[in-house]
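# Chain and residue survey
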Amino acid sequence: MVNRLLQVDETPLLAGFRKRPGAQAWIGEHVGKWLHAATLAWANTGDPRLRPKLDLVVRELLKTQEADGYLGTYTPETRFGLYRGADWDVWVHKYDLLGLLTYHRYTGSPEALAACRRIGDLLDRTFGPGKKSILSAGTHVGMASTSVL
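Residues numbered from 1 in each chain as written. Predicted model: local features only at pLDDT ≥ 70, side-chain atom pairs only at ≥ 80, totals over all residues. Heavy atoms only, no water.

## A word on the overall build of the protein chain
Tallying secondary structure elements over the protein chain gives six helices and zero strands in all. Ordering the α and β elements of the protein chain from the N terminus gives α-α-α-α-α-α. By the compact-globule yardstick of 15 Å for 149 residues, the protein chain fits well, its C-alpha radius of gyration being 15 Å. Summarising its shape, the C-alpha atoms of the protein chain cover approximately 45 × 30 × 25 Å along the three principal directions. Across the 149 residues that make up the protein chain, the buried fraction comes to 50%. Nonlocal contacts in the protein chain, meaning residues at least 24 apart in sequence, comprise 64% of its contacts between residues at least 6 apart. For the protein chain, the exposed area adds up to about 7500 Å²; of that, 57% sits on carbon and sulfur atoms. In the protein chain, which carries 19 positive and 15 negative side-chain charges, the distance between the mean positions of the two groups comes to 1 Å. (Helix = DSSP H or I, 4+ residues; strand = E, 2+ residues; numbered from the N terminus. Rg over C-alpha atoms; globule rule 2.2 N^0.38 Å. Buried < 20%, exposed > 50% of the residue type's maximum accessible area, 1.4 Å probe, protein only. Contact = heavy atoms within 4.5 Å. Areas by Shrake-Rupley, 256 points an atom, 1.4 Å probe, with all protein chains shown as cover. Lys, Arg positive; Asp, Glu negative; His and termini not counted. Charge placed at Lys NZ, Arg CZ, Asp CG, Glu CD.)

See the structure below:
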């Protein structure tokens with residue numbers, strides 16, 4: 001934890017959300033992975049240095065969530081599809097969900113839970129019978145996008 005989780009610079013973790021698109025196709029997954037791991041580390045160690053960093057990352061990430069629930073790193077014309085350099089959108093949302101739900105579980109943050117609900121609602125409005133196929137929204141024949149299920 002001391003050599004990795006506390007040393008992570010949150011600026012690159014949040015950069016692709018603050019200024020879309022991100023620097024590379026799957027840049028958005030990293031913040032959720034870090035939130036998940038860092039929250040579990042904090043919950044298991046109680047290290048007081050980690051909680052302020054967690055709170056900051058969540059607060060700044062949630063500022064980037066759009067009104068429709070979108071919390072990814074792509075521009076509107078390249079969302080939820082197989083676009084060159086922009087085909088990991090559902091995957092990113094999955095890691096947002098994992099990180100934010102873990103944070104909510106251990107902190108009780110209603111803001112994190114509300115953000116997760118907005119993501120879920122967006123995915124529900126976007127994919128399913130009579131809507132866009134989730135298989136067509138990610139790489140590896142839908143493996144990346146369907147992993148959110």
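Text resumes after the structure shown.
## Some words on helix 3 (residues 50-63)
For an α-helix, 3.6 residues make a turn, and residues three or four places apart therefore share a direction. Across its 14 residues, helix 3 extends 20 Å between first and last C-alpha, which sits within 8% of the 20 Å expected from 1.5 Å per residue. Contact partners of the buried residues in helix 3: helix 1 (10-18), helix 2 (29-45), helix 4 (89-107) and helix 5 (110-126). (Expected span 1.5 Å × (residues − 1).)

## Considering the packing of helix 1 against helix 2
At a minimum axis separation of 8 Å, helix 1 and helix 2 run at an interaxial angle of 135°. Judged on the interaxial angle alone, helix 2 and helix 1 are oblique. Crossing handedness for the pair helix 1 and helix 2: left-handed. Contacts between helix 1 and helix 2 involve L13, L14 and F17 on the former and, on the latter, H30, V31 and W34. (Axes fitted to C-alpha atoms, helices over the stretch in contact; angles between N-to-C directions. Parallel < 35°, antiparallel > 145°, perpendicular 65-115°, else oblique. Left-handed = near helix turned anticlockwise from the far one by under 90°.)

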